[in-house]
Amino acid sequence: MSNYKMKALPKQITNLAQIYQIIGYIDNSLSSKLKAETSLKAGLNNKFEQIELPEIMQSFFSDKISWFDLANLRKQLDEIAKTAPVVTITLSDIPNAEFKMKVTSWFRSINPFILVEIMVDELIIGGCIIKTERREIDLSIRKSLKSFTGNLLETIDNV
Amino acid sequence: MNTLQISNLNIEQWILSMIIILGIILAFYCILKMDFKKDIKATGAPKPKDIDISANQLKKASEEALYKATEQMTSAYRLNFEKQLKENMVQLNNLFKINSDKITNEFGQSLSNFHNQTRDMITSSQNKIDGYSKNLESEINESVSSRKKEAIEAVDNKINKILMAYLNNSLEGSIDLSDQQDYILEKLEKNKITISRDINNV
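Every chain is numbered on its own, with residues counted from 1 as its sequence reads. Each chain takes a letter, starting from A, and each ligand takes a number, starting from 1, following the order in which they are written. In keeping with the model being predicted, local features are shown solely for residues with a pLDDT of at least 70 and side-chain atom pairs are shown and tallied solely at 80 or more, while totals for entire chains, interfaces and linings include all residues.

A. Quick look at the overall build of chain A. Summing up its helical and strand segments, chain A has 4 helices and 4 strands in all. When the elements of chain A are put in sequence order from the N terminus, they spell out α-α-β-α-β-β-β-α. Per-residue burial over chain A gives 21% buried out of 159 residues. Put simply, DSSP H or I for four residues or longer makes a helix, DSSP E for two residues or longer makes a strand, and each gets a number counted from the N terminus. Exposure classes come from backbone-placed C-beta atoms, where a residue is buried if 20 or more other C-beta atoms lie within 10 Å of its own, exposed if 12 or fewer do, and partly exposed in between.

B. Focus on the overall build of chain B. In terms of helices and strands, chain B carries 4 helices and 0 strands. The 202 residues of chain B split such that 2% are buried.

C. Focus on the interface of chain B and chain A. We call two residues in contact if the C-beta atoms placed from their backbones are at most 7 Å apart. With 27 residues of chain B at the contact, the number on the chain A side is 32 residues. Of all the elements in the fold, those that place two or more residues in the side of chain B that touches chain A are helix 2 (48-171), helix 3 (177-190) and helix 4 (192-199) of chain B. Looking at the side of chain B that touches chain A element by element, the count peaks at 10 residues for helix 2 of chain B. Each residue receives one of three labels: charged for Asp, Glu, Lys and Arg, nonpolar for Ala, Val, Leu, Ile, Met, Phe, Trp, Tyr, Cys and Pro, and polar for the others, Gly being one of them. Along the lines of polarity and charge, the residues of the side of chain B that touches chain A split into 15 nonpolar, 9 polar and 3 charged.

D. Geometry of helix 3 of chain B. By definition here, a helix of n residues has an expected span of 1.5 Å times n minus one. Here helix 3 of chain B is 14 residues long and its end C-alpha atoms lie 19 Å apart, about the 20 Å a rise of 1.5 Å per residue gives. Axes are fitted to the seven residues ending at a residue and to the seven starting at it; the angle between these axes is taken as the bend at that residue. At B:Y183, helix 3 of chain B shows its maximal bend, which comes to roughly 30°.

E. Representation of the nonpolar core in the model. Formed by 13 residues in total, the largest nonpolar core has its most connected members in A:V87, A:I89, A:F107, A:I114, A:V116, A:C128 and A:I130. Every element with two or more residues in this core is listed here: strand 1 (86-91), helix 3 (97-108), strand 2 (115-120) and strand 3 (127-131) of chain A. It is strand 1 of chain A that contributes the most residues to this core, 3 residues altogether. In contact with A:C128, other than residues within four places in its own chain, are A:I89, A:T90, A:L91, A:L139, A:S140, B:I184 and B:K187. Residues of type Ala, Val, Leu, Ile, Met, Phe, Trp, Tyr and Cys that are buried and joined through C-beta atoms within 7 Å form what is called a nonpolar core. In terms of nonpolar packing, the next biggest core, distinct from the first, is built from 9 residues, A:F60, A:I65, A:W67 and A:L77 among them.

F. Main features of the pairing of strand 1 of chain A. Residues and elements named next belong to chain A. In terms of strand pairing, strand 1 meets strand 2 through 6 bridges, oriented parallel. Following the sheet pairing, V86 is matched in strand 2 by L115. Between the parallel pair strand 1 and strand 2, the chain is carried across by helix 3, and the sense of this crossover is right-handed. Should DSSP find at least two bridges between two strands, the strands are taken to pair. As defined by bridge partners, strand 1 adjoins strand 3 across 4 bridges and the pair is classed as antiparallel. Opposite L91, over in strand 3, you have C128 as the bridge partner. With the strands aimed away from the viewer, a crossover counts as right-handed if its path from the first strand over the helix to the second runs clockwise.

G. Broad picture of the confidence of the model for chain B. All names here are of chain B. Known as pLDDT, the predictor's confidence for each residue is given on a scale from 0 to 100. When the pLDDT values of chain B are averaged, the result is 80; 83% of them are 70 or greater. Between the elements of chain B, mean pLDDT differs from a low of 73, seen in helix 1 (residues 2-43), to a high of 90, seen in helix 4. When the criterion is pLDDT under 50, residues 1-6 qualifies, and its contacts beyond four places in sequence or with other chains add up to 4 contacts. For this predicted complex, the interface score ipTM comes out at 0.75, while the overall pTM is 0.49.

H. Expanded view of the sheet that holds strand 4 (residues 136-140) of chain A. All names here are of chain A. Strand order in the open sheet made by the 4 strands is 2-1-3-4, with mixed pairing throughout. The open sheet terminates on both sides in strands that have one partner only, identified here as strand 2 and strand 4. The mean angle between the axes of side-by-side strands here comes to 15°, regardless of whether they run parallel or antiparallel. Judged from the 5 bridges that link them, strand 3 and strand 4 form a sheet pairing that is antiparallel. Considered in strand 4, the bridge of C128 is made with L139. Across the sheet, helix 3 is in contact with strand 1 and strand 2; its angle to strand 2 comes to roughly 135°. The angle between two axes is taken between their N-to-C directions and runs from 0 to 180 degrees, where each axis is a line fitted to C-alpha atoms and a helix contributes only its stretch in contact.

Set out below in structure tokens:
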């Protein structure tokens, strides 16, 4: 019997929507399998079968998986969706997959199960804004410019 | 009370005067009668002429005595009246002096109270005016400060918007996000401790 245990979320999986997408796929697969097995009056077995995985799930399993692995994965993903910390990063443009993975990897170095929600706001011009449950850290160019103009006005006011 | 005393003394004086007058008249009458009887005894029956003379003398003497008594009574009355008047004047003067002092003191006290009340009112009014003035000054300063701050913020926002609009228009599409990768990752790395604490709830 396989005892699949995730050590970290794969960097391809960044946000909660992807988690639920995988959970949905697993549920559909398990449901179909159960229906088929039930009709044969047999339960889930631990035999390795060649299960075709969608691209998003290929990051979890590099080899063959059993239905038990899939069920186990579903359980772990459900737990992650409920308890994992979530961070939102706002960028000035839509990031490509490479940049998305780099940012996600960076956050996973802090917490291996963190979920990264990426938002786009072109008004920030550049840089990023990080929002956690506790606070918002503005590292954008807009913030720098505001500080600059603020200092300018303060200087003018003091003259 | 003084008037009553004077009136009482007048009545007594008058009664005394009347008694004196009647006494004098009675005395003259007795003397003349005795002389007349002596003359009759000595000379026999008086002659009508002598009787007329005696009657005239008696009348004259009576008038003189009456006049003198009247004079004495008037003089005594005047002296007494003057004395009483003097005493009453002294009493009246003392009374007036006492009352005058009392009135003066009361007036002085009232004046002093009024002065104190007026001074308190002026002081109170001055304090209120000072307080109002300070509040007004404070409010004006706050208002000016607030307006100044609002004006600066308004200018700040305008400049920000202008700059942002200009930069967005100028840089639209020209800054590729991939060019920012290093910058963003560097920024994240600089704030790693803070972000890590927030994420892991340390």
